[in-house]
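Chain by chain, the residues:
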Amino acid sequence: MTARLPHRAFLALAGAQPNRSALHGTYIRLTAGELAHQALQTATVLAERGISLGDAVGVSIHDPARCIPAVLGVLIAGACCIPLTEGLPARRRQSLLCNHGARVLLTDRPQPRTSTTTDPTPLHGDDPYDVAPTWSVAQLPLVLCRGAEPLRLTPARRPGRIAWIYPPERRPADPAQILTHRDVARAAERLTARRVRPRQVRLLIPNSSPLWPYAVLPALANGIPLLT
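Conventions adopted
Residues numbered from 1 in each chain as written. Predicted model: local features only at pLDDT ≥ 70, side-chain atom pairs only at ≥ 80, totals over all residues. Heavy atoms only, no water. Helix = DSSP H or I, 4+ residues; strand = E, 2+ residues; numbered from the N terminus. Buried < 20%, exposed > 50% of the residue type's maximum accessible area, 1.4 Å probe, protein only. Contact = heavy atoms within 4.5 Å. Pairing = 2+ DSSP bridges. Axes fitted to C-alpha atoms, helices over the stretch in contact; angles between N-to-C directions. Parallel < 35°, antiparallel > 145°, perpendicular 65-115°, else oblique. Nonpolar A, V, L, I, M, F, W, Y, C, P; charged D, E, K, R; others polar. pLDDT = per-residue confidence, 0-100. Salt bridge = Lys/Arg side-chain N within 4 Å of Asp/Glu carboxyl O.

A short note on the environment of R29
Logical step 1: With respect to the secondary-structure elements, R29 resides in strand β2 (residues 29-31).
Logical step 2: In this structure R29 comes out as exposed when scored by relative accessible area, which is 65%.
Logical step 3: As for R29 and L226, which are separated by 197 residues in sequence, their C-alpha atoms are 9.9 Å apart.
Logical step 4: The contact partners of R29, leaving out residues within four places of it in the chain, are L23, H24 and E34.

Next comes the structure, spelled out in structure tokens:
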């Protein structure tokens with residue numbers, strides 16, 4: 001297993017065992033091959049939108065079973081993921097994304113749009129996030145990814161690259177939490193080394209939690225089905 005890049009390990013497993021159970025959601029059941037196919041479709045559409053190595057992509061997706069292939073697609077495209085809590089005020093969401101360089105937001109629901117300005121002054125009093133962002137973040141509905149051709153993989157990226165950015169959603173003075181591919185790969189390696197592994201993993205952690213990658217990627221890389 002290419003443990004240094006867990007999403008790559010999952011793609012290798014999906015290629016070797018495409019019918020292996022990978023994801024059980026309330027309304028969705030995906031094999032490893034199907035999950036990999038959806039992730040590669042998402043990566044294709046991101047690449048067509050100009051997303052490449054080192055770019056940042058926001059993710060605000062309500063359904064966990066749809067969020068997993070979306071996040072995998074972001075990683076496959078070479079970008080880093082900025083997960084956001086659903087229901088954030090529009091200006092706060094846009095400001096968080098702009099502050100971390102994102103120009104695309106993957107979503108499964110239409111999000112309210114905001115206007116842009118070059119003036120960073122708060123608009124409505126005390127909320128330091130209530131500013132009009134300096135550029136518009138393009139929304140990419142997840143449904144548009146489903147008809148795309150799967151992306152052809154490029155050479156593996158360095159494991160020290162940033163994979164996730166978790167911005168402070170309540171207090172802008174707090175630092176963002178950063179995870180690299182190496183951080184999550186270590187968890188995958190520990191799971192691989194266990195003599196007894198779980199038969200399945202129930203995912204109770206929201207995508208907006210920094211613990212989410214540690215639950216999802218090691219399980220997928222080791223062929224353990226996820227229940228959402």
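Some words on the side chain of Q38
Logical step 1: Relative to the assigned elements, Q38 resides in helix α2 (residues 32-48).
Logical step 2: For Q38, a relative accessible area of 19% translates into the label buried.
Logical step 3: Not counting the four nearest positions on each side in its chain, Q38 is found in contact with L30, P69 and R146.

Here's the deal with the sheet that holds strand β9 (residues 201-202)
Logical step 1: Spatially, the four strands line up as an open sheet ordered β2-β1-β10-β9, and their pairing is mixed. With partners counted over all chains shown, the strands left at the sheet margins are β2 and β9, one partner each.
Logical step 2: In the sheet, strand β1 (residues 21-24) pairs with β2 via three bridges, with the strands oriented antiparallel. Residue pairing for β2: H24 is matched across the bridge by R29.

A look at the packing of helix α3 (residues 64-76) against helix α6 (residues 212-221)
Logical step 1: Two elements in contact, α3 and α6, have axes whose closest approach is 12 Å; the angle formed by their N-to-C orientations is 80°. Accordingly, the angle class assigned to the pair α3 and α6 is roughly perpendicular. Between α3 and α6, the contacting residues are C67, I68, V71 and L72 on the first element and W212, V216, L217 and L220 on the second.
Logical step 2: Its residues placed into classes, the contact of α3 with α6 shows eight nonpolar, no polar and no charged.

A short note on the confidence of the model for the chain
Logical step 1: This prediction gives the chain a mean pLDDT of 84; 84% of its residues lie at or above 70.
Logical step 2: Segment residues 116-134 is flagged for pLDDT under 50; beyond a separation of four residues in sequence, or across chains, it makes 41 contacts in the model.

Some remarks on the environment of L13
Logical step 1: On the secondary structure map, L13 appears in helix α1 (residues 6-16).
Logical step 2: For L13, a relative accessible area of 15% gives the class buried.
Logical step 3: Separated by 209 residues in the primary sequence, L13 and N222 have C-alpha atoms spaced 8.2 Å apart.
Logical step 4: Apart from residues no more than four positions distant in its own chain, L13 is found in contact with R20, A32, L220, A221, N222 and G223.

What about the side chain of T44?
Logical step 1: With respect to the helices, strands and loops of the structure, T44 is situated in helix α2.
Logical step 2: In this structure, T44 is in contact with A148, E149, P150 and L151, ignoring residues within four places of it in sequence.

What about the pattern of salt bridges?
Logical step 1: Counted by the stated rule, this structure contains one salt bridge.
Logical step 2: In this structure, R66 engages D63 in a salt bridge whose closest nitrogen and oxygen atoms are separated by 2.7 Å.
Logical step 3: A residue is classified by how much of its surface remains accessible, and R66, at 39% relative accessible area, is partly exposed.
Logical step 4: Classification of D63 by relative accessible area gives buried; the value is 16%.

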